[in-house]
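Listed here are the chains, written in short residue letters.
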Amino acid sequence: MESSLPTLNDAGASLIVAHGVRKHYGNIHAVDGVDLDIRSGELFGLIGHNGAGKSTLFKMMLGLLPSTAGDIRIGGALVTGRDFRAVRRTVGYLPENVVLYDNLTGLETLWFFARLKGVSPAEAAPTLERVGLAHAAKRRVREYSKGMRQRLGFAQALLGKPRILFLDEPTTGLDPEAIRSFYSTLRQLRSEGVTTVITSHILAEIQERVDRIAIMTAGKVQARGTVQDLREQVDLPLWFSVRVAKEDFEAVRSALSHLQVDAIEAHDDHVKVRCRREAKMAVIEALARLDGRVRDLTVREPSLEDVFFGFSD
Amino acid sequence: MEIAQIATIASKEFWDRIRNRWVLAVALVFTAFALVIAYFGAAQQGSVGFRSIDITIASLVSLVIYLIPLIALVLGFDAIVGERERGSLDLLLSMPITRLELLLGKYVGLAAALAFSTIAGFGLVAIVLSTRLDLNALYHYFGFMLSSVLLGCAFLSLAVMLSVFAADRTRASGLAIATWFFFVLVFDLLLLGALVVTGGQWGGEIFPYLLLANPADVFRILNIFSLDDVRTLYGLTTVFPPALANPWLLGLVMLAWIVVPLGIASWRFRT
């Protein structure tokens with residue numbers, strides 16, 4: 001199904017734009033003034049604690065929930081507007097803790113959703129194969145494990161070759177191998193130009209896998225950008241772990257003495273050095289001048305988790 | 001409105017009921033009851049065996065008036081609230097489908113399952129009795145089946161409405177049972193009570209109209225008025241003006257009992 005939406009295939013252009021979006025339930029501000037600009041073709045991560053407002057924002061992006069204020073546009077069209085059917089046909093959605101119909105088989109489940117999406121039922125079998133469920137196509141969902149249900153939910157979202165995927169906590173219940181293959185599918189889809197918005201509270205999992213993220217706490221977007229942008233914004237210190245013989249500890253200490261180093265800790269066979277980001281290269285140069293006494297060097301950048309807590313604290 | 005979307009939802013609901021043998025079970029219940037009533041309905045009068053279609057229909061009406069509303073309410077009470085509570089509603093609504101299409105699809109699918117089991121169940125009996133029925137009797141029996149379907153559809157519409165309003169399945173089932181009690185048991189008693197308490201002074205004229213406010217009563221009038229044997233038996237002619245007993249008019253009232261609750265449901269379900 002070809003979309004009539006104008007900016008949908010324009011890589012890098014704004015695709016999903018949220019403007020001043022709020023959702024209030026009485027005194028509870030589930031989403032409290034969110035502006036977002038998700039570009040065509042990117043893999044965008046929305047991270048935050050449980051209850052930060054991610055799922056509520058998601059449902060508003062899909063037009064499932066009316067916003068109290070503000071508007072959300074996909075490819076320029078309001079998600080709740082007259083064009084909603086055209087917008088929906090370009091979107092795949094995997095809800096958090098997806099619930100499917102126990103009495104249907106995997107294949108029947110996809111036939112049902114294919115019909116609703118106006119997609120040929122012939123797409124069902126290859127889609128099942130894509131998520132690794134071809135062997136269970138004729139089994140009822142009742143007999144599926146949690147991970148299989150999750151994969152079937154993902155398959156449903158992939159029907160009709162959507163241009164945009166909204167995946168709410170998609171890796172819940174998946175084993176590490178399945179998580180890997182899930183992200184490899186996402187990368188493949190990205191190379192085909194699909195825009196993906198993904199929420200997660202497992203930060204380690206998405207930090208190396210998304211193009212940009214937004215951090216949500218208490219209904220607000222606290223920060224957005226690439227993981228690297230955010231690291232720089234919070235300006236968290238880095239850690240060096242310098243492996244040297246015990247008798248060289250002092251040499252390291254004096255080599256770094258004139259630099260802006262926050263802390264130097266001596267351990268059994270290595271020295272830990274904490275410094276600001278701007279001192280990073282100077283520290284590396286100083287250590288390089290120690291003429292091979294440094295046996296190994298690792299730099300630990302602040303993880304997304306550190307960044308996240310940097311913003312949410 | 002896209003008919004294809006309604007049809008997709010409706011056919012899933014219908015085939016779900018076929019597959020879990022709901023349709024078969026209900027049809028068998030109807031067949032069994034109808035046969036028993038046809039052969040033993042006159043046992044109180046000291047004889048056993050099929051006697052007249054009028055008596056059979058009259059007995060069936062008193063049974064169906066309890067049974068069909070209950071079956072329809074049980075069938076429909078979790079149509080929407082069930083999806084909501086299980087957590088599958090959001091996914092459905094994220095499809096290119098409007099809420100009205102979803103609601104109508106649910107209703108049409110469930111109504112088809114109910115109509116199918118009603119017609120199959122009672123139709124089987126008609127086939128069994130066919131050698132003993134003349135054309136006129138068949139016509140009456142057909143009218144009875146049709147009005148049974150309408151009765152089911154009216155209560156199904158009420159059930160779907162409850163299903164939209166109720167916060168959870170437990171409350172929806174409570175409301176469904178309360179609805180059944182009210183229309184099937186309490187309503188007539190209230191009218192009768194009012195009549196007795198006021199010594200017949202109040203409400204004599206508006207009573208027939210009040211009966212139209214209950215789909216179960218509309219069903220009763222629809223069936224009883226067409227049968228000569230039974231009309232006198234029930235003594236209905238004395239209270240009910242024949243002008244109101246026009247089957248087309250009563251059919252329209254029944255249709256209103258289908259459309260209005262669904263309309264309210266879709267108004268409530270729009271966001």
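Shown above is the structure to which this text applies.
Rules behind the numbers
Residues numbered from 1 in each chain as written. Chains lettered and ligands numbered in written order. Predicted model: local features only at pLDDT ≥ 70, side-chain atom pairs only at ≥ 80, totals over all residues. Heavy atoms only, no water. Helix = DSSP H or I, 4+ residues; strand = E, 2+ residues; numbered from the N terminus. Buried < 20%, exposed > 50% of the residue type's maximum accessible area, 1.4 Å probe, protein only. Contact = heavy atoms within 4.5 Å. Areas by Shrake-Rupley, 256 points an atom, 1.4 Å probe, with all protein chains shown as cover. Lys, Arg positive; Asp, Glu negative; His and termini not counted. Charge placed at Lys NZ, Arg CZ, Asp CG, Glu CD. Salt bridge = Lys/Arg side-chain N within 4 Å of Asp/Glu carboxyl O. Buried area = accessible area lost by both parts, 1.4 Å probe. Phe/Tyr/Trp six-rings, centres within 6.5 Å; stacked < 30°, edge-to-face > 60°. Lys NZ or Arg CZ within 6 Å of the ring centre and 35° of its normal. Pairing = 2+ DSSP bridges. Axes fitted to C-alpha atoms, helices over the stretch in contact; angles between N-to-C directions. Parallel < 35°, antiparallel > 145°, perpendicular 65-115°, else oblique. Expected span 1.5 Å × (residues − 1). Core = buried A, V, L, I, M, F, W, Y, C linked by side-chain atoms within 4.5 Å.

Before going further, it helps to examine the overall build of chain A. The secondary structure content of chain A amounts to 11 helices and 14 strands. Overall, the C-alpha framework of chain A stretches about 75 × 45 × 40 Å when taken along its three principal axes. Buried residues in chain A amount to 50% of all 313 residues. Considering only contacts within chain A whose residues lie at least 6 apart along the sequence, 70% involve residues at least 24 apart. When the accessible surface of chain A is split by element, carbon and sulfur atoms take 48% of a total near 14,400 Å². Where the 42 positive side-chain charges of chain A centre and where its 40 negative ones centre are 7 Å apart.

Looking now at the pattern of salt bridges. Under the counting rule described, the total for this entry stands at 29 salt bridges over all chains. The salt bridge partner of D211 of chain A is R190 of chain A, with a shortest N-O separation of 2.3 Å. Within this pair, whereas D211 of chain A is found in the loop between α7 (203–206) and β9 (212–217), its partner R190 of chain A is found in helix α6 (residues 176–191), the two being separated by 21 residues in sequence. Judged by its relative accessible area of 35%, R190 of chain A falls in the partly exposed class. Between E13 of chain B and K106 of chain B there is a salt bridge whose closest N-O contact spans 2.7 Å.

Contact residues are listed per partner, giving 22 residues for chain A and 25 residues for chain B. It is R85, Y101 and L116 of chain A that lose the most area in chain A upon contact with chain B, and together they represent 29% of the buried surface on that side. One can count five salt bridges joining chain A with chain B. Between E2 of chain B and R85 of chain A there is a salt bridge, with the nearest N and O atoms lying 3.4 Å from each other.

The description of an aromatic ring pair uses the distance of the two centres, along with the angle that the planes make with each other. The tally for this structure, following the rule as stated, stands at 17 aromatic pairs over all chains. Between F182 of chain B and F183 of chain B, the aromatic rings sit 5.1 Å apart at their centres with planes inclined by 75°, giving edge-to-face as the arrangement. Relative to F187 of chain B, the ring of F182 of chain B lies with its centre 5.8 Å away and its plane at 80°, an arrangement referred to as edge-to-face. A residue is classified by how much of its surface remains accessible, and F182 of chain B, at 34% relative accessible area, is partly exposed. By relative accessible area, which is 10% here, F187 of chain B ends up buried. Through successive ring pairs, a cluster of aromatic residues spans F30, F122, Y141, F144 and F219 of chain B. If you follow K272 of chain A out to its NZ or CZ, it ends over the ring of W239 of chain A, 5.6 Å from the centre. Lying over the aromatic face of Y101 of chain A, K12 of chain B brings its terminal NZ or CZ to 3.7 Å of the ring centre.

A few words now on the sheet that holds strand β5 (residues 77–78) of chain A. All names here are of chain A. If you trace the four strands from one edge of the open sheet to the other, you get β2-β1-β4-β5, paired in antiparallel fashion. Of all strands in the sheet, those bounded by a partner on one side alone are β2 (28–39) and β5. Set on the sheet, helix α1 (residues 54–61) makes contact with β1 (14–25), β2 and β4 (69–74); between it and β2 the angle comes to about 60°.

Helix α1 (residues 3–19) of chain B packs onto helix α3 (residues 106–117) of chain A with a crossing angle of 155° between their chain directions and a minimal axis gap of 8 Å. Relative to α1 of chain B, α3 of chain A is oriented roughly antiparallel. Within the contact between the two elements, α3 of chain A uses E108, F112, R115 and L116 of chain A and α1 of chain B uses Q5, A7, T8, I9, S11, K12 and R19 of chain B.

The subject of this paragraph is helix α7 (residues 135–165) of chain B. For α7 of chain B, built from 31 residues, the straight-helix expectation of 45 Å at 1.5 Å per residue is met to within 8% by its first-to-last C-alpha distance of 45 Å. With 22 of 31 residues buried, α7 of chain B lies mostly within the body of the structure.

Let's shift gears to the nonpolar core. Of all hydrophobic cores here, the largest spans 171 residues; its most connected members are L36 and F166 of chain A. Top element by residues in this core is α7 of chain B. It accounts for 16 residues. With near-sequence residues (within four places) excluded, L36 of chain A lies in contact with I16, V17, A18, F44, L46, L57, M61, A214, V221 and R224 of chain A. Of all hydrophobic cores here, the second largest spans 18 residues; its members include L238, V244, V273 and A286 of chain A.

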